[in-house]
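# Architecture at a glance
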Amino acid sequence: MSKVRVVLRRIAASDFAELAQLYGRSAVLHAPWMPGAPLDTRAAFDRYLERFAGPAHVGFVICLAEGGGIVGRVNVNDIVRGSRQMATVGYAGFAGLTGCGYMSEGLGLVVRYAFGELGLHRLEANIQPGNAASLRLAERVGFRREGFSPRFQFIAGAWRDHERWAITAEMVQGR
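If you're wondering where the values come from, they're calculated on a predicted model, not measured in any experiment.

Take the confidence of the model for the protein chain next. With 98% of its residues at a pLDDT of 70 or more, the protein chain shows a mean pLDDT of 93. Mean pLDDT across the secondary structure elements of the protein chain bottoms out at helix α2 (residues 27-30), with 86, and peaks at strand β5 (residues 122-127), with 98.

Here the focus is the sheet that holds β5. Taken in spatial order, the 7 strands make up an open sheet running β1-β2-β3-β4-β5-β7-β6, and their pairing is mixed. Edge positions in the open sheet fall to β1 (6-10) and β6 (144-155), since each of these has one partner strand only. For this sheet, the mean inter-axis angle between neighbouring strands, taken without regard to orientation, is 30°. Relative to strand β4 (residues 86-93), strand β3 (residues 70-80) runs antiparallel, the two sharing 7 bridges. Considered in β4, the bridge of Val 74 is made with Tyr 91. The sheet strands contacting helix α4 (residues 102-115) are β1, β2 (58-64), β3, β4, β5 and β7 (158-168), and the helix crosses β1 at an angle near 50°. The strands that helix α5 (residues 132-141) touches are β4, β5 and β7; relative to β7, the one it contacts most, it runs at about 10°.

The next point concerns the pattern of salt bridges. According to the stated counting rule, one finds 8 salt bridges in the structure shown. Taking the shortest distance from any N to any O, the salt bridge between Glu 146 and Arg 122 comes out at 2.3 Å. Taken together, the residues Glu 146 in strand β6 and Arg 122 in strand β5 connect sequence positions 24 residues apart. When its relative accessible area of 29% is taken as the criterion, Glu 146 is described as partly exposed. What makes Arg 122 buried here is its relative accessible area of 17%. Sharing partners across several salt bridges, the network here consists of Arg 122, Glu 124, Arg 144 and Glu 146.

Let us now look at the packing of α4 against α5. Orientation of α4 relative to α5, taken along the N-to-C sense of each, is 55°, at an axis distance of 9 Å. When the axis of α4 is compared with that of α5, the two are oblique. For the pair α4 and α5, the sense of crossing is right-handed. For the pair α4 and α5, contact is made by Met 103, Ser 104, Leu 107, Gly 108 and Val 111 and by Leu 137, Arg 140 and Val 141, respectively.

Next up on the list: the nonpolar core. Buried together is how nonpolar side chains tend to be arranged in soluble globular proteins. Formed by 32 residues in total, the largest nonpolar core has its most connected members in Val 76, Tyr 91, Val 111, Phe 115, Leu 120, Leu 123 and Phe 143. Looking at this core, the elements with two or more residues in it are β2, β3, β4, α4, β5, α5, β7 and α6 (169-173). When residues in this core are grouped by element, the largest group, 7 residues, is from α4. When near neighbours in sequence (up to four residues on either side) are disregarded, Leu 120 contacts Val 76, Ile 79, Arg 81, Gln 85, Met 86, Ala 87, Ala 114, Phe 115 and Ala 169. Leu 19, Phe 45, Cys 63 and Phe 94 belong to the second largest nonpolar core, which has 17 residues in total.

With that settled, consider helix α3 (residues 42-50). Residues separated by three or four positions in an α-helix point in the same direction, a consequence of the helix having 3.6 residues per turn. Looking at α3, one finds that the buried residues are Ala 44, Phe 45, Tyr 48 and Leu 49. In an axial view of α3, the angular spread of the buried residues amounts to 135°, which keeps them on one side of the axis. Where α3 is buried, its residues touch α1 (16-25) and β3.

Another aspect to go through is α5. Restricting attention to buried positions, one finds in α5 the residues Ser 134, Leu 135, Leu 137, Ala 138 and Val 141. What you see down the axis of α5 is that its buried residues fit within an arc of 160°, all on one side. Among the exposed residues of α5, those oriented more than 90 degrees off its buried face are Glu 139 and Arg 140. In this structure, the buried side of α5 is in contact with β4, α4, β5 and β7. Positive phi appears at Gly 142, one or two residues downstream of α5, with a value of about 115°.

The rules behind these values
Residues numbered from 1 in each chain as written. Predicted model: local features only at pLDDT ≥ 70, side-chain atom pairs only at ≥ 80, totals over all residues. Heavy atoms only, no water. pLDDT = per-residue confidence, 0-100. Helix = DSSP H or I, 4+ residues; strand = E, 2+ residues; numbered from the N terminus. Pairing = 2+ DSSP bridges. Axes fitted to C-alpha atoms, helices over the stretch in contact; angles between N-to-C directions. Contact = heavy atoms within 4.5 Å. Salt bridge = Lys/Arg side-chain N within 4 Å of Asp/Glu carboxyl O. Buried < 20%, exposed > 50% of the residue type's maximum accessible area, 1.4 Å probe, protein only. Parallel < 35°, antiparallel > 145°, perpendicular 65-115°, else oblique. Left-handed = near helix turned anticlockwise from the far one by under 90°. Core = buried A, V, L, I, M, F, W, Y, C linked by side-chain atoms within 4.5 Å. Arc of directions from axis to C-beta.

Printed below as a string of structure tokens:
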């Protein structure tokens, strides 16, 4: 049995200082891929937290099981109920903490949470074709590439193409 290395917890206002430092250290890493303002100011972070007050978004930090330090974050965004029971995920790892498998483990925990506690059937991830690390992460966790969306999201001053990746509850149950 493998040792538990990371745990999930809901993002909280008390995470600001640690996340601001991580985002500051990761600015170059994230610049080509992340939409919106970085979360390195209190005002930006407070606006970010407001999204999680309602039922359409859930925000998590991925923390080391030993010590509790934050190593990444994952959002379950735009939750749709009714006949679709789906959402999109967005995630970020931080400079100096990549390549250790923490994001794979943490995103895997979010997938299980989404299909369990949230009762979702499908998760999608929209990833820029040049973001090789993010594409590999989605594939490692079990997402499959389903399509291509030209000019999908406005990032870094331009509309960027994205690949659409998805995973369903049946795909997870089958593993």
